[in-house]
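Tertiary structure, described
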Amino acid sequence: QQQVKQSPQSLIVQKGGISIINCAYENTAFDYFPWYQQFPGKGPALLIAIRPDVSEKKEGRFTISFNKSAKQFSLHIMDSQPGDSATYFCAASKRETSGSRLTFGEGTQLTVNP
Amino acid sequence: DARVTQTPRHKVTEMGQEVTMRCQPILGHNTVFWYRQTMMQGLELLAYFRNRAPLDDSGMPKDRFSAEMPDATLATLKIQPSEPRDSAVYFCASGLASKDRTSLYEQYFGPGTRLTVT
């Protein structure tokens, strides 16, 4: 069962444009929603994260928008740059007595053209 | 500069051989995860440990995979015997669980081991 669905699978944006990646989740017990960025040959790196008590979090050019009622959250990359070209994963986590774990989306390959 | 390290970075082996991958978590982190990444399946959680004790290994094929933490600075993932379908990138990640042990949020990934089984 895929608990976190991510779209689109791939995205091409012009330099300076806005990149938007969407995720939807099913489990209302999730209480932490991070985004990871992965460059070829590297491990995923934590980019930005949000908890459901806020609707938006911004760090530099990266913003997470969170809609608890719709069970959706999205990553917005403002003024996209060629260096942002990477694969982006959304994820979700919940508290468990055995210790929380991340459930990842399928990933979005972002290409920012010069 | 604290980071997760993994060895080897690349491994090519023949079917049937034993493969051992090693991970050194960030010093002080008490939770270690093993993931496998393929184009078809994406990022899959294989197993994870808290304070060196296995919490969940339901993602691993039990007959051929094993994961251990001999000490707090070393985690290992072994495949015996290896098969071509095991070809993937294997990532280790570490994090620090909350005092009540129910919350762990940030996970820090290593660079991965790219395994090719021929």
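Now for a look at the structure at hand. Because the structure is a prediction, the values reported are computed rather than measured.

**Topic: the overall build of chain A**
- Assigned secondary structure in chain A consists of 0 helices and 11 strands.
- Traced from its N-terminal end to its C-terminal end, chain A shows the element sequence β-β-β-β-β-β-β-β-β-β-β.
- In terms of overall dimensions, chain A is globule-like: its C-alpha atoms have a radius of gyration of 14 Å, near the 13 Å expected for 114 residues.
- Along the three orthogonal principal directions, the C-alpha set of chain A runs to about 45 × 30 × 20 Å.
- Burial analysis of chain A (114 residues in total) assigns 44% to the buried set.
- Looking at chain A alone, contacts between residues at least 24 apart form 53% of all its contacts between residues at least 6 apart.

**Side note on the overall build of chain B**
- Per the secondary structure count, chain B includes 0 helices and 11 strands.
- Across chain B, helices and strands are ordered from the amino to the carboxyl terminus as β-β-β-β-β-β-β-β-β-β-β.
- Rg of the C-alpha trace for chain B: 14 Å, near the compact-globule value of 13 Å for 118 residues, within the 12% margin.
- C-alpha extents for chain B along the principal axes are approximately 45 × 30 × 30 Å.
- Counting across all 118 residues of chain B, residues that qualify as buried make up 48%.
- Counting only contacts in chain B whose residues sit at least 6 apart along the sequence, the fraction spanning at least 24 positions is 56%.
- If you sum the accessible surface of chain B, you get close to 6,000 Å²; carbon and sulfur atoms cover 51% of it.

**Section: the state of the cysteines**
- A complete count under the given rule lists 2 disulfides over all chains for this structure.
- Between the sulfur atoms of C23(A) and its disulfide mate C90(A) the distance is 1.9 Å. Residues C23(A) and C90(A) share a disulfide whose torsion about the S-S bond is about -95°; that sign makes it left-handed. Of this pair, C23(A) sits in strand β3 (residues 19-25) while C90(A) sits in strand β9 (residues 86-93), and the two are 67 residues apart along the sequence.
- Note on cysteine connectivity: C23(B) is disulfide-linked to C92(B), with sulfurs 1.9 Å apart. Residues C23(B) and C92(B) share a disulfide whose torsion about the S-S bond is about -55°; that sign makes it left-handed. Linking C23(B) in strand β3 (residues 19-24) with C92(B) in strand β9 (residues 88-95), this pair joins segments that are 69 residues apart in sequence.

**Regarding the pattern of salt bridges**
- Tallying each qualifying case throughout the model produces 7 salt bridges over all chains.
- For K57(A), the salt bridge goes to E59(A), with nearest N and O atoms at 3.7 Å.
- A salt bridge links E83(B) to R64(B); its shortest N-O distance comes to 3.5 Å. Of this pair, E83(B) sits in the loop between β8 (74-79) and β9 while R64(B) sits in the loop between β6 (53-56) and β7 (65-71), placing them 19 residues apart in sequence.

**Thoughts on the packing of aromatic side chains**
- All chains considered together, the criterion is met by 18 aromatic pairs over all chains.
- Ring plane angle 15° and centroid distance 6.1 Å describe the contact between Y25(A) and F66(A), whose orientation is recorded as stacked. Of this pair, Y25(A) sits in strand β3 while F66(A) sits in strand β7 (residues 62-67); the two residues are 41 residues apart in sequence, bridging distant segments of the chain.
- Residue class for F66(A) comes out buried when judged on its relative accessible area of 7%.
- Consider the rings of F33(B) and Y48(B), whose centres lie 5.0 Å apart with planes at 15°: the pair is stacked. Of this pair, F33(B) sits in strand β4 (residues 31-38) while Y48(B) sits in strand β5 (residues 42-50), and the two are 15 residues apart along the sequence.
- Residue F33(B) is classed as buried on the basis of its relative accessible area, which comes to 0%.

**Some remarks on the environment of F65(B)**
- Relative to the helices and strands, F65(B) resides in strand β7.
- Spatially, the C-alpha atoms of F65(B) and L77(B) are 7.2 Å apart, while their sequence positions differ by 12 residues.

Here is what the cut-offs are and how they apply
Residues numbered from 1 in each chain as written. Chains lettered and ligands numbered in written order. Predicted model: local features only at pLDDT ≥ 70, side-chain atom pairs only at ≥ 80, totals over all residues. Heavy atoms only, no water. Helix = DSSP H or I, 4+ residues; strand = E, 2+ residues; numbered from the N terminus. Rg over C-alpha atoms; globule rule 2.2 N^0.38 Å. Buried < 20%, exposed > 50% of the residue type's maximum accessible area, 1.4 Å probe, protein only. Contact = heavy atoms within 4.5 Å. Areas by Shrake-Rupley, 256 points an atom, 1.4 Å probe, with all protein chains shown as cover. Disulfide = S-S within 2.5 Å. Salt bridge = Lys/Arg side-chain N within 4 Å of Asp/Glu carboxyl O. Phe/Tyr/Trp six-rings, centres within 6.5 Å; stacked < 30°, edge-to-face > 60°.

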